[in-house]
Amino acid sequence: MDCIFCKIISGSIPSNKVYEDEQILAFHDINPQAPVHVIVIPKQHIQSADEVNEFNSPIVAKIFEAIPKIAKQCNLENGYRIITNIGNDGCQSVSHMHFHLLGGKKLPESIV
Ligand code: AMP
Ligand code: ZN
């Protein structure tokens, strides 16, 4: 499958890893939109959050268990934002479900 994030998981594309366990990988975004911008992904290929269902939803819980650990590791004690883009209107550019973890400064109020 021609999926950049699956290639990062397999190691064929390098990444700057922040966190990894059996099911989850987190790495620094190549084009950061904030002082801390980490991408959190399941190792299982799920196209987007719109593909979450009763069978694969436990991985979403696992991701949200990992996020506070990653945030702590990145010194985001003042808070942060989690965003997941879906499809064309959501401006999703990589079709492997991912959660942007953004922080390290006061984020703009303009989007949510
Ligand atoms: P989205 O637009 O929500 O699909 O987000 C995709 C994100 O992946 C963007 O913020 C990109 O900068 C990031 N990205 C794309 N390729 C890489 C890569 N090779 N390593 C790290 N981040 C990447
Ligand atoms: Zn993938």
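Residues numbered from 1 in each chain as written. Chains lettered and ligands numbered in written order. Predicted model: local features only at pLDDT ≥ 70, side-chain atom pairs only at ≥ 80, totals over all residues. Heavy atoms only, no water.

(A) How the structure looks around unusual backbone geometry. We note that Asn 75 has phi near 60°; this positive angle belongs to a residue other than glycine. Note that Asn 75 resides in the loop between α2 (57–73) and β4 (80–83). Its identity as a non-glycine residue notwithstanding, Cys 91 has a phi of 60°, on the positive side. Tracing the backbone through its elements, the reader meets Cys 91 in the loop between β4 and β5 (99–103). (Helix = DSSP H or I, 4+ residues; strand = E, 2+ residues; numbered from the N terminus.)

(B) Examining the coordination of the zinc ion (ligand 2) more closely. The protein atoms donating to the zinc ion (ligand 2) are Cys 3 (SG), Cys 6 (SG), His 45 (ND1) and His 96 (ND1), with metal-donor distances spanning 2.0 to 2.3 Å. One can describe the site at the zinc ion (ligand 2) as tetrahedral: its four donor atoms subtend angles covering 101 to 117° at the metal. Sequence positions of the donors to the zinc ion (ligand 2) reduce to the motif C-x2-C-x38-H-x50-H. Of the two residues, Cys 3 sits in the segment before α1 (4–10) while His 96 sits in the loop between β4 and β5, which places them 93 residues apart along the sequence. A relative accessible area of 5% places Cys 3 in the buried class. (Donors = N, O, S within 2.8 Å, 3.2 Å for Na, K, Ca; no water. Tetrahedral: all angles 85-135°; square planar, octahedral: opposite > 155°, others 65-115°. Buried < 20%, exposed > 50% of the residue type's maximum accessible area, 1.4 Å probe, protein only.)

Treat this as a map of the structure, not an account of what it does.
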